[in-house]
Amino acid sequence: MTEILTPSQLPVEGSLQPACDWRKALKTAIRSGRELCQALGLAASLGEAQAEQDFPVLVPHEFLSRMEAQNPRDPLLLQVLATRFELAPTGTTDPVGEVEATQMHGLLQKYSGRALIVSTGACAIHCRYCFRRHFPYQDDTLGKAAFEGWLNHIANDPSIEEVILSGGDPLSIVDSSWLEFVTRLNTISHVKRLRVHTRFPVVIPQRVDAAMLDWVARSEAAVFFVLHINHAQEIDAAVRQMLARLRSANITLLNQAVLLKDVNDSLASQESLCRTLINEQVLPYYLNQLDPVQGGMHFDVSDEVAHEIISGLRRVLPGYGVPQLVREVPGEAHKMPL
Ligand SMILES: *Cc1c(COP(=O)(O)O)cnc(C)c1O
Ligand code: SF4
């Protein structure tokens, strides 16, 4: 007879001592460009404090440790350092039309069969290209009332087969809340799939702990995690161990990346990312063209370059290793393949 371990019995990495609990990792994160540059031995003038005003810098040390010191072009640094390029007035503040699609506080139903819950505005890291940097979040907690509202809405709409937890980052919310949510979701028989869009585990790998794996294991709906990894350098030994924990919890792992100028807009960079992902049993799902968000337009890559990269990937990788190149177009019934 095979012995089946429940997630709470799964071997927990040595690095998961309370001393580096994920909440503590968040508390001690870097919160200014000046501090970030200093930690990497770079001139503070590389950053722009004015650009931090509406969207502060936030970088946990776990992510910082994967950057190369004294390299102003480090692909991880470029994703998180606020610079003067953000002050450009181009782009819009609601590039994907989410404000309009919000049916009730935090629940968006733009696509057939799927309800997306914007559970929180909080994240483990602040990505400068983020399309939600201007989103009118009301508060950062999973309020009891919102929670009830979503569950009632889902229960009353049998067309909802899939519940997508998004944010911000849904894993900013404590596991006890998700455990309660999943327990209630299990009583709604038309919900077959639960999808979690998160960058948290990659930024702070110790987020995937026994408490998180416990509510995942209790879900009767099939669980998918869509990780947001933009560069192969984001995947270090701690991230590999974290991915092993997710795999052992029977979670289907997908990745969504954003095509970003100077970060990952070369064939070599995308090939290395996709190869690393499939070797870890994470399927590249989408490669998103940037949403035209104000403050993030300097990351924009032309469709021509995007197509060349995808054709290049097709030549060297198995079909399942090539992501779909998509763009979100407000008002369309699905993400638009390019
Ligand atoms: C992207 C997105 C989804 C999911 O789309 P998939 O193509 O199924 O990944 C659902 N709801 C909203 C609002 C989205 O932006
Ligand atoms: S983790 Fe996601 S939602 Fe949060 S800032 Fe980054 S891209 Fe935006």
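Residues numbered from 1 in each chain as written. Chains lettered and ligands numbered in written order. Predicted model: local features only at pLDDT ≥ 70, side-chain atom pairs only at ≥ 80, totals over all residues. Heavy atoms only, no water.

Asker: Pulling in residues and values, what's your account of helix α10 (residues 237-248)?
Answerer: Owing to its 3.6 residues per turn, the α-helix aligns residues three or four sequence positions apart on the same side. Taking 1.5 Å of rise per residue, 12 residues should cover 16 Å, and α10 covers 17 Å from first to last C-alpha, within 8% of that figure. The set of residues buried in α10 consists of V239, M242, L243, R245 and L246. Taken down its axis, α10 places every buried residue within 155 degrees of arc, on the same side. Buried residues belonging to α10 abut α8 (200-203), α9 (210-218), β6 (222-227) and β7 (252-258). Here α10 starts with a cap whose side-chain oxygen sits 3.3 Å from the backbone nitrogen of A238, and that cap is D236. Positive phi appears at N250, one or two residues downstream of α10, with a value of about 70 degrees. (Helix = DSSP H or I, 4+ residues; strand = E, 2+ residues; numbered from the N terminus. Expected span 1.5 Å × (residues − 1). Buried < 20%, exposed > 50% of the residue type's maximum accessible area, 1.4 Å probe, protein only. Arc of directions from axis to C-beta. Contact = heavy atoms within 4.5 Å. Polar contact = N/O pair within 3.5 Å; in protein donor to acceptor, adjacent residues only side chain to side chain.)

Asker: I'd like a rundown of the site of ligand 2, residues and numbers included.
Answerer: Near ligand 2, the surroundings consist of C123, I125, C127, C130, G168 and R199. Each residue belonging to the shell around ligand 2 can be placed in one class, and the counts come to four nonpolar, one polar and one charged. (Near = heavy atom within 4 Å. Nonpolar A, V, L, I, M, F, W, Y, C, P; charged D, E, K, R; others polar.)

Asker: Residue-level account of the packing of aromatic side chains, with values.
Answerer: Under the definition given, this model contains six aromatic pairs. Ring plane angle 85 degrees and centroid distance 5.4 Å describe the contact between W178 and F181, whose orientation is recorded as edge-to-face. Here W178 pairs with F181, and both are found in helix α7 (residues 175-185), just three residues apart, close to one helical turn. W178 gets classed as buried once you look at its relative accessible area, which sits at 0%. (Phe/Tyr/Trp six-rings, centres within 6.5 Å; stacked < 30°, edge-to-face > 60°.)

Asker: Tell me what's going on with the nonpolar core, and back it up with residues and numbers.
Answerer: Core analysis: the biggest nonpolar cluster contains 86 residues, and L36, M67, V163, F181, F225 and L246 have the highest contact counts within it. Leaving out residues up to four positions away in the same chain, M67 has contacts with L36, L40, V59, D74, L76, L77 and V80. (Core = buried A, V, L, I, M, F, W, Y, C linked by side-chain atoms within 4.5 Å.)

Asker: Before we move on, can you summarise the pairing of strand β5 (residues 193-198) with the specific residues and values?
Answerer: The buried fraction of β5 amounts to five of the six residues, a majority that puts the element mostly inside the structure. As paired strands, strand β4 (residues 162-166) and β5 are joined by four bridges and run parallel to one another. Of the residues in β5, the one forming a bridge with E162 is R193. A crossover links β4 with its parallel partner β5, the connecting element being α7, and its sense is right-handed. The pairing of β5 with β6 spans six bridges and is parallel. Residue L194 lies in a different strand from β6, and its bridge partner there is V223. (Pairing = 2+ DSSP bridges. Right-handed = clockwise from strand over helix to strand, strands pointing away.)

Asker: Go over the packing of helix α6 (residues 144-155) against α7, please, and point to the residues and values.
Answerer: Packing of α6 against α7 brings their axes to within 11 Å, and their N-to-C directions diverge by 20 degrees. The orientation of α6 relative to α7 falls into the category roughly parallel. Here α6 and α7 pass one another in a crossing that is right-handed. Note on element contacts: α7 touches α6 through S177, E180, F181, R184 and L185, opposite K144, F147, E148, W150, L151 and I154. Residues that form the contact of α6 with α7 fall into these classes: six nonpolar, one polar and four charged. (Axes fitted to C-alpha atoms, helices over the stretch in contact; angles between N-to-C directions. Parallel < 35°, antiparallel > 145°, perpendicular 65-115°, else oblique. Left-handed = near helix turned anticlockwise from the far one by under 90°.)

Asker: Go over the side chain of D175 with me, naming the residues and quoting the values.
Answerer: If you trace the backbone, D175 turns up in helix α7. A distance of 3.0 Å separates a polar atom in the side chain of D175 from a polar atom in the side chain of R207. Filtering out sequence-adjacent residues up to four positions away, D175 remains in contact with W22, R207, D209, A211, M212 and W215.

Asker: Tell me about the packing of helix α11 (residues 267-279) against helix α12 (residues 303-316), and name the residues and values.
Answerer: One way to put it is that α11 packs onto α12 with a least axis distance of 9 Å and a crossing angle of 50 degrees. Between α11 and α12, the interaxial angle falls into the category oblique. With respect to the hand of their crossing, α11 and α12 are arranged in right-handed fashion. Residues L267, Q270, E271, C274 and R275 of α11 form the contact with α12, whose participating residues are I309, G312, L313 and V316. Tallied by class, the residues present in the contact of α11 with α12 amount to five nonpolar, two polar and two charged.

Asker: Lay out the confidence of the model for the chain with the relevant residues and their values.
Answerer: Averaged over every residue, the pLDDT of the chain is 90; the share at 70 or more is 89%. Every residue in residues 1-19 scores below 50 in pLDDT, and together they form 16 contacts with partners more than four places removed in sequence or on other chains. (pLDDT = per-residue confidence, 0-100.)

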